[in-house]
Amino acid sequence: MTDTHAHLDFLEEAELEDAKAHFPELRAILTLGVDPTRWERTLALAQENVYAAVGLHPTSAHLLSPEVEEALRYYACHPRVRAVGESGLDYYWTPETKPAQLKALEFQATLAEELGLPLVLHVRSKDGQAEEDLAAWLLAHRPKRVVLHAFGGHPALEAAGLEVGAYFSFAGPLTYKKNQALREAAQRLPLHKLLVETDTPFLPPEPHRGKRNLPHHVRHTLNRLAEVRGVALEEMESITDQNAETCFRWT
Ligand SMILES: [Zn+2]
């Protein structure tokens, strides 16, 4: 199994030890460093089956400057880096920085394209406006390889993602009882575009809700995805491992 989205640098020392004991169960883990203070640490964590992504989270987009652009380009060229991000639009926490978020998104999309790396996208808002805007952005810019991280099932984003050949990455919320609409989306999306992730230490799947999440908990989301698609767990594991390999090119 593969965890395509974790933030190992958010874990406390004891949590990281616990997580590491389970790393051999995973084919690969992508850990994302989301602001300039985290890139160095994220690369240090990228050992063995752990790979790195570096980027500027939309809630940190206001930090973009020529110096930060130069530093991001430098870290993104590191041999353990397999993606740029997470970038995207977040009007839930930081609606006031919308222009900066768009600028940071454009920069990261261009960088990903130049380096031949996938672009990992985050999106969040109260009223779906960020999802609408991101869908329009995708259709206008058509990035070559793009991942919709913790896909939440927004219809316009689903349509735009399908149109540009995006990967749809499912996190813990796929296992939540109330999320039937999300499971219906998981049911109809193309098998070869499905990924699973934890967003460690956030978004824990059932039965770990209310606790901090760890990469090996991705098994619960994988299990639920297999059920939703009516295939055996081993088959869904092999499909999502292969999709992650195609997207991130671990080897
Ligand atoms: Zn994240």
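In the block above lies the structure referred to throughout.
Computed from a prediction, not measured in an experiment: that's the story for all the values here.

(A) Looking closely at the coordination of the zinc ion. Taken together, the protein ligands of the zinc ion are His-5 (NE2), His-7 (NE2), Glu-86 (OE) and Asp-199 (OD), with distances of 2.0 to 2.7 Å. Coordination at the zinc ion comes from four donor atoms whose angles at the metal span 83 to 174 degrees, giving a geometry best classed as irregular. Positions of the donor residues of the zinc ion along the chain correspond to the pattern H-x1-H-x78-E-x112-D. Here His-7, found in the loop between strand E1 (2-6) and helix H1 (13-21), pairs with Asp-199, found in the loop between strand E8 (194-196) and helix H8 (218-229); they are 192 residues apart in sequence, far enough to count as distant. Asp-199 sits in the buried class, given a relative accessible area of 8%.

(B) Inspection of the packing of helix H4 (residues 98-115) against helix H5 (residues 129-141) at higher detail. Packing of H4 against H5 leaves a shortest axis separation of 13 Å and a crossing angle of 35 degrees. Seen from above, H4 lies across H5 with right-handed handedness. Seen from H4, the contacting residues are Lys-98, Leu-102, Leu-105, Glu-106 and Ala-109; seen from H5, they are Asp-133, Leu-134, Trp-137 and His-141. For the contact of H4 with H5, the per-class residue count stands at five nonpolar, one polar and three charged.

(C) Structural view of helix H6 (residues 155-164). Residues of H6 that are buried: Leu-157, Glu-158, Ala-160, Gly-161 and Val-164. At its buried positions, H6 is contacted by strand E5 (119-124), H5, strand E6 (146-148), strand E7 (167-170) and helix H7 (180-188). Once H6 ends, the next one or two residues include Gly-165, with phi positive near 75 degrees.

(D) Broad picture of the nonpolar core. One finds Leu-8, Leu-119, Leu-121, Leu-138, Leu-148, Phe-151 and Phe-170 to be the most contacted residues of the largest nonpolar core, which totals 64 residues. In this structure, Phe-151 is in contact with Leu-157, Glu-158, Phe-168, Ser-169, Phe-170, Leu-182, Ala-185 and Leu-189, ignoring residues within four places of it in sequence.

(E) A look at the pairing of E5. When strand E4 (residues 81-90) meets E5, the two strands line up parallel, connected through five bridges. From the neighbouring strand, Val-84 faces E5, where its bridge partner is Leu-119. In this fold, the crossover linking E4 to E5 by way of H4 has right-handed handedness. Note that E5 and E6 share three bridges and pair parallel.

(F) Summary view of the sheet that holds E7. Strand order in the open sheet formed by eight strands is E1-E2-E3-E4-E5-E6-E7-E8, with parallel pairing between adjacent strands. Of all the strands in the sheet, just E1 and E8 have a single pairing partner and so form its edges. Between one strand axis and the next, the sheet turns by 30 degrees as a mean value, whatever way the strands run. Running at roughly 150 degrees to E8, H8 makes contact with E1, E7 and E8 of the sheet.

(G) Expanded view of the packing of aromatic side chains. Considering all chains together, one arrives at eight aromatic pairs under this definition. Their ring planes at 75 degrees and their centres at 5.2 Å tell us that Tyr-74 and Tyr-75 sit as a pair that is edge-to-face. Exposure remark for Tyr-75: the relative accessible area of 16% places this residue in the buried category. Centroid distance Phe-151 to Phe-168: 4.9 Å. Interplanar angle 80 degrees. Geometry classified as edge-to-face. Of the two residues, Phe-151 is situated in the loop between E6 and H6 and Phe-168 in strand E7; the sequence distance between them amounts to 17 residues. As far as the burial class goes, Phe-151 and Phe-168 line up, both buried.

(H) Broad picture of unusual backbone geometry. Omega for the peptide link from Gly-85 to Glu-86 comes to 15 degrees, which places this bond in the cis form. With respect to the secondary-structure elements, Glu-86 resides in strand E4. Residues other than glycine seldom take positive phi values, yet Glu-48 does so here, at roughly 50 degrees. Turning to its location among the elements, Glu-48 is positioned in the loop between helix H2 (39-45) and strand E3 (50-54). With a relative accessible area of 72%, Glu-48 lands in the exposed category. At Arg-142, a position not held by glycine, the phi torsion is positive, near 45 degrees. Positionally, Arg-142 belongs in the loop between H5 and E6.

Rules used in this analysis
Residues numbered from 1 in each chain as written. Predicted model: local features only at pLDDT ≥ 70, side-chain atom pairs only at ≥ 80, totals over all residues. Heavy atoms only, no water. Donors = N, O, S within 2.8 Å, 3.2 Å for Na, K, Ca; no water. Tetrahedral: all angles 85-135°; square planar, octahedral: opposite > 155°, others 65-115°. Helix = DSSP H or I, 4+ residues; strand = E, 2+ residues; numbered from the N terminus. Buried < 20%, exposed > 50% of the residue type's maximum accessible area, 1.4 Å probe, protein only. Axes fitted to C-alpha atoms, helices over the stretch in contact; angles between N-to-C directions. Left-handed = near helix turned anticlockwise from the far one by under 90°. Contact = heavy atoms within 4.5 Å. Nonpolar A, V, L, I, M, F, W, Y, C, P; charged D, E, K, R; others polar. Core = buried A, V, L, I, M, F, W, Y, C linked by side-chain atoms within 4.5 Å. Pairing = 2+ DSSP bridges. Right-handed = clockwise from strand over helix to strand, strands pointing away. Phe/Tyr/Trp six-rings, centres within 6.5 Å; stacked < 30°, edge-to-face > 60°.

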